[in-house]
Amino acid sequence: MTSQAQTTADTEEAPAALANPLHRLAGNLRRWLVAAAVVPRVLAKAPLTAVFLAAFWVVGLVTGSVVHGPSDSLLRHVGAGTTSLTQGRWWTLFSYGLWEPGLAPYLITTALALATLLPAERRLGAVKAGAFLLASQVLGALLGIAAIEAGAAAGDPWLESSVADLGHHLAISLSVGASVGLTGVGLALSAQLTALWRRRTRLLLITMTLLFLFYAGDVLDIMRAGAAFVGLVGGALLLGKRRSLRGVRLLPSSHAETRVLVALLAATSAIGPAISWITGSQGGPLAIYEELFIPSNLSAGEVTDACAGAGAGSRACLSLRADYLLNNSVAVVTLFVPVLILAVIALGLWRGRRMAWWAAALFEVGIFAATLRFFLLTRSQLVNDPTTQPGLVTGVTIYSVGLLLVPVVILAVLALTRCHFRLRAEKETALTFWTIAVLAFVVIGATYVKFGYDARNEFSPVPTFHQMLVDYPKRLLPDSYLILFGTSLYAFVPVSGWAKALYELTGPVFWLIVLGGLFVAFWRAGARRKEDHSAEAGALLLENGGSTLSYMTTWPGNEYWISEDGRAAVAYRVVGSIALTTGDPYGEPDARRAAVAGFSSFCDEQGWSPCFYSITGEMRQRSDALGWSAVQVAEDTLLRLPDLAFTGKKWQDVRTALNKAGKAGITAHWHTWPTAPLSVQEQVRALSEEWVADKGLPEMGFTLGGLDELDDPRVRILVAVDADGTLHGITSWLPCYREGQPVGWTLDFMRRSGEGFRGVMEFLIASAALQFKEEGAEFLSLSGAPLARIDRGEQAVPLQRVLDIAGKALESVYGFRSLLAFKAKFQPEYLPLYMSYPDPAQLPAIGTAIGKAYLPHTTPAQMLRLSRQFTSSG
């Protein structure tokens, strides 16, 4: 456990780091450097990975293959493919994984080994990890070669010969690359990972494998797909955990994680063609229309030869000269515009922006239309070309249909996940973006036309003013899109001076402004309320405090009502016609009771029905005086710290947890989330996603904090880690203020590792209580347990019995009653929390509002599971 001085310094450092972006950047960089420094120490404990990487690089250096890959003669002896097996070179199934085709693949494969083989060795052991590596490499190659042979025998245009290059036959190609085996190891390992990393690992490896397969389409890509199948199925069947079989599908995900997955899916339309361009391989079936996303490679020799044959002034020569100029200057940015647009849209989807959702939907519709148009043009050309090989038209048609399905699938996913993208842009933000975009189009266009016409003698041939005007939109679009609509591409090309500068810079400057504006709009978008009282409410909270739950009023989703005299505040959210509060009114103590009536009047003016939720007994008395109804919804548990001592038989469990933690080398460390080490943050995320996935039901919000609520410099987190830095559990603590200073702390976020120290929660809570007592805090709240209460011998009203049934039904999923029983170990003072409402006729609407507040992102499948919990109870 850290000392009080260290804890105070850590807490006070956070606001300063947040206030100064340079400090925060330096802090992030420092954490990354610390994380990178761990790699050599970890590698020293992983002999299989160390030996593999050493052999991999030594073999490459000794054979002179690191820079440009193995020579042709060496490749014939070590490369794997159909010919290597038919000619009896069986050892190539093992040898091809020790080489790479160039320096960049060597570096990428090294990183892949550290990301897959290293953790696999640490988690599975060297023997199992090595077995999966070897099996994935050998069986993956055999499956890939079998697929190539079967496809070639069936006359498949891709597997028989690349659609893009009819002379490049996959059936006679040889390839090298260690990524085949490493991909299989990574997918096998995923069966043993937590839900968060299982989903992330499989999504990344499977997505990249499929993109390389269908866009690059080389022999190695086909064998890698075979290895992915071996690793995925083999890991799920042999590595034990029953729940890992569920990882083949998308497990229930948190709200933030769902946005990440959708953003990644939306970006795949651009990532695939980019892979073809980067690797220089366009053999995959979906690479037939890659011009929709990336430029085609054009050499100076091809331009010279074409112009010599067609004439320097011909339209064909002008087109090739313009293409070469655009591909070899800053103007190439324009040719990548579709990829860049998708990248910015993906960012907006990750940020949860509704504007990005609409942009993604419109973009995918446009891609579908462009792909369909491209297919019709291509098919018409093939049908009318007498030299077209038999079966090619059928092959192109089949693969085009597959390519058309990509935007259709993305549109379907966008439609199903629309509820996760609710953040609307401010009207000012949207208006500013469109104003800038229109002005950029007009100003840049006027500049191009005016100065281009002034320098018209520097173009060949010399253009007219009308030609300059018509040419301007062409500078903003990739030429492949102009071809789709039969637009003449180039009437002239620049030869020198201002003309060349205007020709090359017009498109990049325009898109830099537009995409930059769109980036800012997506990053900053967030609808503002008509009256933002958050600053006033925050000041009242920090100065005067409220109940043990009052700090939850600072969380996103709340709006704020301020009393006319400015002395009290109420945090609330409107769901339908219900204004649902977050706990008690807060502010000056003598103004809080009057705030109940004041807020009620405000709601009446707005046409809402108020509902005070999770309020204390004092506020219930005030609402009772107004004639309202009330029911208990939770049980708060309070520890008075000044006299706290873990002595006596009733504290035996707590003392045992503290003693066992010391013997096991478990220690408690205080942090705030913005300053916590990167390793701690990632392990906390993994624990949280594991909880969400294993429950099979959505993560709750409202008065139950999640990862987003940890990111607050005033919220303190206490983690339990062992000597190896492995996280066993975490708790977060919300401050309770009086006269500007914390006088108490409320437990909020709790997660523990299923494979860690069993008494970690007792250890963390006890450690926190001792620390807060030492700091002079008055109390510690273990927070309210929803839908759980102790028996006080009172006659339960019908609504109370309904809530009791609900708590019992959800016990197996959320464990509220078990949580209350657990808190009894700390001998707390029990304080009931109530829901108070003026109109019993509004109970159905109140129930709906509370459900939406706690479960704002529930899917239909999750609601079905939730209903089964109710119907199977009792």
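Residues numbered from 1 in each chain as written. Predicted model: local features only at pLDDT ≥ 70, side-chain atom pairs only at ≥ 80, totals over all residues. Heavy atoms only, no water.

In terms of helices and strands, the protein chain carries 35 helices and 15 strands. In the protein chain, once contacts between residues fewer than 6 apart in sequence are set aside, the share between residues at least 24 apart is 77%. Only carbon and sulfur atoms are counted for the fraction: they give 63% of the accessible area of the protein chain, which is about 39,600 Å². (Helix = DSSP H or I, 4+ residues; strand = E, 2+ residues; numbered from the N terminus. Contact = heavy atoms within 4.5 Å. Areas by Shrake-Rupley, 256 points an atom, 1.4 Å probe, with all protein chains shown as cover.)

In the segment running from Ser460 into Pro461, the intervening peptide bond is cis, with an omega of -10°. Within the element layout of this structure, Pro461 appears in the loop between β1 (459–460) and α21 (465–471). The phi torsion at Glu739 lies on the positive side, around 55°, for a residue other than glycine. Residue classification places Glu739 among the exposed positions, given a relative accessible area of 64%. (Buried < 20%, exposed > 50% of the residue type's maximum accessible area, 1.4 Å probe, protein only.)

Residues Phe368, Leu372, Leu376, Val401, Leu405, Val408 and Val409 make up a contiguous nonpolar surface patch of about 540 Å² in total accessible area. The greatest single-element share of the nonpolar patch, amounting to four residues, is contributed by helix α19 (residues 392–416). Take Val409: it is sitting in helix α19. (Patch = residues over 30% accessible without salt bridge, like charges linked within 9 Å, V, L, I, M, F, W, Y side chains within 5 Å. Salt bridge = Lys/Arg side-chain N within 4 Å of Asp/Glu carboxyl O.)

On to the packing of helix α8 (residues 126–153) against helix α12 (residues 219–238), then. Where α8 meets α12, the closest approach of the two axes is 7 Å, and the angle between their N-to-C directions is 130°. By the angle between their directions, the pair α8 and α12 is classed as oblique. The element α8 and its partner α12 pack so that their crossing is right-handed. For the pair α8 and α12, the contacting residues are Phe132, Ala135, Ser136, Leu139, Gly140, Ala141, Leu143, Gly144, Ile145, Ala147 and Ile148 in the first and Val219, Ile222, Met223, Gly226, Ala227, Phe229, Val230, Gly231, Gly234, Gly235 and Leu238 in the second. For the contact of α8 with α12, the class distribution of residues is 15 nonpolar, seven polar and no charged. (Axes fitted to C-alpha atoms, helices over the stretch in contact; angles between N-to-C directions. Parallel < 35°, antiparallel > 145°, perpendicular 65-115°, else oblique. Left-handed = near helix turned anticlockwise from the far one by under 90°. Nonpolar A, V, L, I, M, F, W, Y, C, P; charged D, E, K, R; others polar.)

Let's shift gears to the packing of aromatic side chains. Under the counting rule described, the total for this entry stands at 26 aromatic pairs. Summarising the aromatic geometry, the rings of Phe56 and Trp57 are spaced 6.2 Å apart at their centres and angled 85° between planes, so their arrangement reads as edge-to-face. Given a relative accessible area of 0%, Phe56 falls into the buried group. Their ring planes at 55° and their centres at 5.3 Å tell us that Trp670 and Phe772 sit as a pair that is tilted. (Phe/Tyr/Trp six-rings, centres within 6.5 Å; stacked < 30°, edge-to-face > 60°.)

Before going further, it helps to spend a moment on a positive patch on the surface. Among the surface-exposed residues, Lys660, Lys663, Arg752 and Arg758 lie close enough to one another that they form a single positively charged patch. Structurally, the position occupied by Lys660 is in helix α27 (residues 652–663). Judged by its relative accessible area of 52%, Lys660 is exposed. (Lys, Arg positive; Asp, Glu negative; His and termini not counted. Charge placed at Lys NZ, Arg CZ, Asp CG, Glu CD.)

Here we come to the pattern of salt bridges. One pass over the full model with this rule turns up 12 salt bridges. The salt bridge involving Glu682 is made with Arg685; its shortest N-O contact spans 2.8 Å. A residue pair is termed a helical-turn pair when its members lie 3 or 4 positions apart in one helix, as Glu682 and Arg685 do in helix α28 (residues 678–695) at three residues. By relative accessible area, Glu682 is classed as partly exposed at 24%. Among the salt bridges present, the one from Lys825 reaches Glu762, with a minimum N-O distance of 2.6 Å. Within this pair, whereas Lys825 is found in the loop between α33 (816–823) and β15 (829–837), its partner Glu762 is found in helix α30 (residues 760–775), the two being separated by 63 residues in sequence. What makes Lys825 partly exposed here is its relative accessible area of 26%. For Glu762, a relative accessible area of 10% corresponds to the buried category. In the salt-bridge network here, residues are joined through shared partners; they are Asp565, Arg567, Glu588 and Asp590.

Moving on, we come to the pairing of strand β8 (residues 629–640). For β8, the tally of buried residues reaches nine of 12 residues, placing the bulk of the element in the interior. Here β8 pairs with β15 via nine bridges, running antiparallel. What sits directly across from Thr637, in β15, is Tyr830. Alignment of β8 against strand β13 (residues 779–781), held across three bridges, turns out to be antiparallel. Within β13, the residue paired with Leu639 across the bridge is Leu780. (Pairing = 2+ DSSP bridges.)

Attention now goes to the packing of α8 against helix α10 (residues 179–189). At a minimum axis separation of 7 Å, α8 and α10 run at an interaxial angle of 130°. When the axes of α8 and α10 are compared, the pair comes out oblique. Crossing of α8 over α10 shows right-handed handedness. Residues Ala129, Phe132, Leu133, Ser136 and Gln137 of α8 lie in contact with α10, whose contacting residues are Val180, Gly181, Leu182, Gly184, Val185 and Ala188. Residue composition of the contact of α8 with α10, grouped by class: seven nonpolar, four polar and no charged.

An ideal rise of 1.5 Å per residue puts 40 Å on 28 residues; α8 measures up with 40 Å between its terminal C-alpha atoms. Within α8, burial applies to Ala129, Phe132, Leu133, Ser136, Gln137, Val138, Gly140, Ala141, Gly144, Ile145, Ile148 and Gly151. (Expected span 1.5 Å × (residues − 1).)

Take Arg592: it is sitting in helix α25 (residues 589–606). Setting aside anything within four residues of it in sequence, one finds Arg592 in contact with Asn544, Gly545, Gly546, Pro585, Tyr586, Gly587 and Met619.

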